[in-house]
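# Descriptive structure summary
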Amino acid sequence: MSSSVASDFETPSPSRGRGAERVAILAAKLLVTGACFWYVSRQIDWRQVLSAIPLLDFRWTALAILVVMLQIPLLGLRWGNIVDALAARDGPVTRVDMIAATAVGMFFAQVLPSIAGEGVRAWLLVRLGSDWRNAVTSAVIDRGVGVGLLIVLGFVVLLLPSGLAALGGYRDVVLVVYSALILAGALGLLLAPKIVPSLARWRYSRWLATLAADVRRVLLGSKGPVILSIGCLIHALTIVVVWSVGRAQGLALPLADAAVLFTIMIGVVLIPISIGGWGLRELAVISLLGSYGVAPERALLFSVCFGLAVAAGSLPGALAWLLYPFGPRGAP
């Protein structure tokens, strides 16, 4: 046996180590999701949940799914404008390409951890002719824009006259946290020209300096207002999805209450300790709606219906993955 072959048996390769780490992380997320649903199951009567399913008005559910599908081209347009702001889009890459790649990424984010969806988007953009650096940077900035706008909208929503906005007495704490995050983000954008040179001097922070410069160029450039406007519209449509799911169950939620639910449900999904936010979202919704007088069974069905509506709305991404010809348009 040669020494190179022997070394393969003696020392695991870095790729194997990373693969084992990913499996461990996935297993941990599955464990958290299962534990959350186990805890929820102890609080509800499953017979009541099952008996409520035939009473759903599926016309409202269909509207929710349709609105989710309408978000796909908007997400693609927002990402496309970010790529344009980075001056990273080659001529052959069209808006249709960006929308198709977004649809695929959205689909994979429903069946795999959300970070996988971002990775798929970046990989498809590379296949369409971009380089890896710009593909990854644009996907990270696009994700950051969505999260940043969620925090800003969450701050505004919690100031609305809604019974749910009290958050069980924790509203002031959440407002303080949101205010700090918004202030930190604004200062980061304004002070980026002074911070970037310092970060660029160090090897391990050079990537952060480059990212900070790119974020400033995207958000404060000519494409910034369009990117932020599309992002706000996407979040507004998600509030409509929440409201429609409530109507399907006969919950006449005011838009202000639907907006609070949107802030909590999407915010919880962003916490990367469960699969797609499943389990954590159900715990948050049951707790929040319980203080509003909604039975745990109805709150659970509400949260599950929302998750299923988003999953169903992402199915065009599966068709795009199977049928759309991803690849450099200039290739022979």
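Residues numbered from 1 in each chain as written. Predicted model: local features only at pLDDT ≥ 70, side-chain atom pairs only at ≥ 80, totals over all residues. Heavy atoms only, no water.

## Some remarks on helix 7 (residues 132-157)
Stated formally: Helix numbering and strand numbering both begin at the N terminus, where a helix is a DSSP run of H or I of at least 4 residues and a strand a DSSP run of E of at least 2. One less than the residue count of a helix, multiplied by 1.5 Å, gives the span that helix is expected to have. What qualifies as a polar contact is a pair of N or O atoms within 3.5 Å, subject to a donor-acceptor requirement within protein and to the restriction that residues adjacent in sequence count only when both atoms come from side chains.
End to end, helix 7 covers 37 Å across 26 residues, agreeing with the expected 38 Å (1.5 Å per residue, within 8%). Between the side-chain oxygen of the N-cap and the backbone nitrogen of R133 there are 3.2 Å, and the N-cap of helix 7 in question is D131.

## Thoughts on the pattern of salt bridges
Note that side chains of opposite charge can pair when their charged atoms are close. So the rule is basically this: By definition, a salt bridge exists where a carboxyl oxygen of Asp or Glu is found within 4 Å of a side-chain nitrogen of Lys or Arg.
For the structure on display, the rule yields nine salt bridges. In this structure, R143 engages E118 in a salt bridge whose closest nitrogen and oxygen atoms are separated by 3.6 Å. Of the two residues, R143 sits in helix 7 while E118 sits in helix 6 (residues 114-127), which places them 25 residues apart along the sequence. Taken together, the shared-partner salt bridges connect R78, E118, R121, D142 and R143 into one network.

## Some thoughts on the nonpolar core
Spelled out, the test is: Residue types Ala, Val, Leu, Ile, Met, Phe, Trp, Tyr and Cys, when buried and joined through side-chain atoms within 4.5 Å, form a set referred to as a nonpolar core. Burial classes follow relative accessibility: with a 1.4 Å probe on protein chains only, a residue under 20% of its type's maximum area counts as buried, one over 50% as exposed, and anything between as partly exposed.
Judged by nonpolar contacts, the single largest core of 49 residues is most densely connected at V241, V242, V260, L261, M265, L289 and F302. Of all the elements in the fold, those that place two or more residues in this core are helix 4 (58-85), helix 5 (95-111), helix 7, helix 8 (171-200), helix 10 (224-248), helix 11 (255-269), helix 12 (280-290) and helix 13 (296-313). Here the element with the most residues in this core is helix 13; it accounts for eight residues. Core analysis: the second largest hydrophobic core is formed by 19 residues, A101, F108, L125 and A320 among them.

## Digging into the packing of aromatic side chains
Just so we agree on the cut-off: Under the pairing criterion, centres of Phe, Tyr and Trp rings, with the six-membered ring standing for Trp, must be within 6.5 Å; the plane angle then separates stacked pairs below 30 degrees from edge-to-face pairs above 60, leaving the rest tilted. Two conditions define a charge sitting above a ring: the NZ of Lys or the CZ of Arg must be within 6 Å of the ring centre, and it must be within 35 degrees of the ring normal.
Applying the stated criterion to the full structure yields five aromatic pairs. Relative to W243, the ring of W60 lies with its centre 5.2 Å away and its plane at 85°, an arrangement referred to as edge-to-face. Placement of the pair is W60 in helix 4 and W243 in helix 10, with a sequence separation of 183 residues. In this structure W60 comes out as partly exposed when scored by relative accessible area, which is 24%. When the centroid spacing of 5.6 Å and the interplanar angle of 75° are considered together, the rings of F107 and F108 count as edge-to-face. Take F108: its relative accessible area is 16%, and that puts it in the buried class. Residue placement shows R121 over the ring face of W79; its charged tip is 4.6 Å from the ring centre. Above the ring of W278, the side-chain terminus of R281 is found at 4.4 Å from the ring centroid.

## Section: the packing of helix 7 against helix 11
Basically, it comes down to this: Axes here mean lines fitted to C-alpha atoms, for a helix over just the part in contact, with angles spanning 0 to 180 degrees between N-to-C directions. When an angle is under 35 degrees it counts as roughly parallel; over 145 it counts as roughly antiparallel; between 65 and 115 it counts as roughly perpendicular; any other value is oblique. Whether a crossing is left-handed or right-handed is set by the direction in which the near helix is turned from the far one by less than a right angle, anticlockwise for left-handed and clockwise for right-handed. Contacts were defined at the residue level, with two residues in contact if any of their heavy atoms lie within 4.5 Å.
Between helix 7 and helix 11, whose axes approach to 10 Å, the crossing angle comes to 140°. Classified by the angle their axes make, helix 7 and helix 11 are oblique. By crossing handedness, the relation of helix 7 to helix 11 is classed as left-handed. Between helix 7 and helix 11, the contacting residues are L150, G154 and V157 on the first element and A256, A259, V260, F262, T263, I266 and G267 on the second.

## Examining the confidence of the model for the chain
Applied cut-off: The predictor attaches a confidence to each residue, and that confidence, scored 0 to 100, is pLDDT.
The predicted model of the chain has a mean per-residue pLDDT of 85, with 91% of residues at 70 or higher. Per-element confidence in the chain is highest for helix 4, whose mean pLDDT is 95, and lowest for helix 1 (residues 3-10), whose mean pLDDT is 37. Considering only residues more than four positions removed or in separate chains, one finds that residues 1-14, a stretch of pLDDT under 50, has two contacts.

## A short note on the environment of I286
Of note, I286 is situated in helix 12. Among the residues examined, I286 registers a relative accessible area of 9% and is labelled buried. The spacing of I286 and F326 is 40 residues in sequence and 42 Å in space, taken between C-alpha atoms. Once residues within four sequence positions are removed from consideration, I286 is found in contact with V40, Q43, P296, A299 and L300.

## Comments concerning a nonpolar patch on the surface
Heads up, the condition is: Patch criteria: residues need more than 30% relative accessible area and no salt bridge. Like-charged residues are merged within 9 Å; nonpolar side chains of Val, Leu, Ile, Met, Phe, Trp and Tyr are merged within 5 Å. Here the accessible surface of atoms and residues is derived via Shrake-Rupley with a 1.4 Å probe, and residues count as covered only by protein chains that are part of the display.
Nonpolar side chains collect at one region of the surface, where W123, W132, V136, V140, L319, W321, L322 and L323 lie side by side and expose about 850 Å² of accessible area between them. Sorting the residues of the nonpolar patch by element identifies helix 7 and helix 14 (316-323) as the ones contributing at least two each. Within the fold, V140 resides in helix 7. Residue V140 is classed as partly exposed on the basis of its relative accessible area, which comes to 42%.

## Observations concerning the side chain of N81
Within the secondary structure layout, N81 lies in helix 4. In this structure N81 comes out as buried when scored by relative accessible area, which is 6%.

## Side note on the side chain of Q71
Tracing the backbone through its elements, the reader meets Q71 in helix 4. Only 2.7 Å separates the side chain of Q71 from the side chain of T238, close enough to count as a polar contact. Once you skip the residues sitting within four places of it in the chain, Q71 turns out to touch I234, L237 and T238.

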